[in-house]
Amino acid sequence: DKVHVFAPATVANMVCGFDVLGFALHEPGDEVVIRRAGEPGVRLVNITGDEGRLPREVSRNTVSASVISFLQYIGRCDIGIEIELHKHMPIGSGLGSSAASTVAGLYAVNKLLGSPLSRRELLPFAMEGEELACGHGHADNVAPALLGGITLIRGYNPLDVVALPAPPALHASVVFPHVDVPTRDARQMIRTKVALQDAVTQWGNVAGLVAGLFRNDYELIGRSMQDVLIEPTRAILIPEFYEMRRLAIDAGALSFGISGSGPSVFAFAQNAEQANGITSVIQAHLTAQGIGSHGYMSKI
Ligand code: HSE
């Protein structure tokens with residue numbers, strides 16, 4: 001009576017699609033082990049890899065809190081559940097760290113109980129975890145972490161999630177510079193009112209990106225991945241952001257932008273070698289500036 005689940009890191013926003021677009025990476029990610037226990041109630045029995053940063057109280061930890069909501073919904077608060085969380089990815093990195101943990105926990109508990117809910121039906125519980133983690137229940141990390149691939153949140157009320165195709169050669173280069181940018185802060189700093197002209201530019205880009213994904217048009221994907229609303233504000237929190245962009249584009253990147261709320265950045269490339277090259281050139285630049293980093297590469 002034990003289920004062991006891995007859920008991946010995700011890149012939210014995809015530059016122009018704030019809160020509506022995201023995709024899953026192959027690595028890094030988090031692991032959750034869920035076990036039945038004799039005594040009723042949900043317990044966090046072991047958390048590793050978080051350097052003591054995550055809450056140990058079941059009502060404040062996103063994994064246990066979302067598992068409790070799920071159990072309440074399916075009417076099984078009578079059972080005992082033990083949770084182990086093994087983090088293999090940085091917290092506050094902009095790579096959907098809380099989403100990976102929460103999704104792994106929900107998927108595991110649902111599986112342990114014979115899959116009473118579908119993957120999509122688990123999404124609202126995962127969004128509650130995001131609300132707890134950063135004060136807002138956005139779905140652009142939890143949806144791709146749960147469903148894989150690229151996802152569009154067409155609407156939040158009611159929730160309407162659409163899976164999007166990925167062109168066969170699309171790869172992502174991801175770099176996490178070792179500076180802390182909590183999502184809560186990176187959300188509070190952005191403007192909540194936008195100019196109509198900027199909105200027109202932004203939705204043109206979102207539509208262009210989606211069209212490019214369907215048409216396998218790498219050039220259209222690249223020129224659509226521009227953000228006039230959020231990036232100019234958030235880029236201030238990320239050291240060397242514009243220099244990293246210049247280096248990525250010089251190394252052949254189709255696009256470059258912030259992953260989620262940062263500080264991680266990502267670029268799209270048309271093959272694994274190019275994506276690895278972009279990751280290396282960005283990391284070498286950060287090292288020269290005295291900033292440590294982690295680099296990842298993933299086929300989409
Ligand atoms: N869409 C969210 C944001 C993602 O940009 O704040 C956070 O990872």
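Residues numbered from 1 in each chain as written. Predicted model: local features only at pLDDT ≥ 70, side-chain atom pairs only at ≥ 80, totals over all residues.

### Focus on the nonpolar core
A general feature of soluble globular proteins is that nonpolar side chains tend to end up buried together. We count it as follows: One nonpolar core equals one set of buried Ala, Val, Leu, Ile, Met, Phe, Trp, Tyr and Cys residues connected by C-beta atoms within 7 Å. Exposure classes come from backbone-placed C-beta atoms, where a residue is buried if 20 or more other C-beta atoms lie within 10 Å of its own, exposed if 12 or fewer do, and partly exposed in between. Secondary structure elements are defined from DSSP: runs of H or I of at least 4 residues count as helices, runs of E of at least 2 residues count as strands, and each element is numbered from the N terminus. For the purpose of contact definition, each residue receives a C-beta atom placed from its backbone, and two residues are in contact when these atoms lie within 7 Å.
Counting 83 residues, the largest nonpolar core has V67, V103, A126 and V142 as its most contacted members. In terms of residue count, the dominant contributor to this core is helix 2 (residues 97–112) (8 residues). Apart from the residues lying within four places of it in its own chain, the contact partners of V142 are A99, T102, V103, L123, A126, M127 and E130.

### Observations concerning unusual backbone geometry
E27 connects to P28 through a cis peptide bond whose omega is 5 degrees. Relative to the assigned elements, P28 resides in strand 2 (residues 21–37). That bond from G262 to P263 is cis: its omega, 5 degrees, falls within 30 degrees of zero. With respect to the helices, strands and loops of the structure, P263 is situated in the loop between strand 8 (255–258) and strand 9 (265–269). The phi dihedral of N13 falls on the positive side, at around 80 degrees, and the residue is not glycine.

### Focus: the environment of S97
Take S97: it is sitting in helix 2. Separated by 76 residues in sequence, S97 and L21 have C-alpha atoms that sit 17 Å apart.

### Considering the UniProt feature "domain: GHMP kinase N-terminal" (unreviewed entry) in the protein chain
Filter applied, for reference: UniProt positions are given in the numbering used here, feature names are shortened, and annotations may be inferred rather than shown by experiment.
Following the UniProt record, the feature "domain: GHMP kinase N-terminal" (unreviewed entry) maps to residues 67–149 here. Along residues 67–149 the backbone is 55% helical and 8% strand, and the end-to-end C-alpha distance reaches 24 Å.

### Examining the site of the ligand
Rules: By convention here, the C-beta atom is placed from the backbone, and a residue is near a molecule or strand when that atom is within 6 Å of it. We call Asp, Glu, Lys and Arg charged. Ala, Val, Leu, Ile, Met, Phe, Trp, Tyr, Cys and Pro are nonpolar, and the rest, Gly among them, are polar.
Around the ligand, the surrounding shell holds 13 residues, and the nearest of these are A12, D19, H138, G260 and S261. In terms of residue class, the shell around the ligand is made up of 2 nonpolar, 8 polar and 3 charged.

### Overview of the UniProt feature "domain: GHMP kinase C-terminal" (unreviewed entry) in the protein chain
In the numbering used here, UniProt assigns the "domain: GHMP kinase C-terminal" (unreviewed entry) feature to residues 210–285. When the span residues 210–285 is considered, its composition is 54% helix and 12% strand, and the gap between its end C-alpha atoms is 32 Å.

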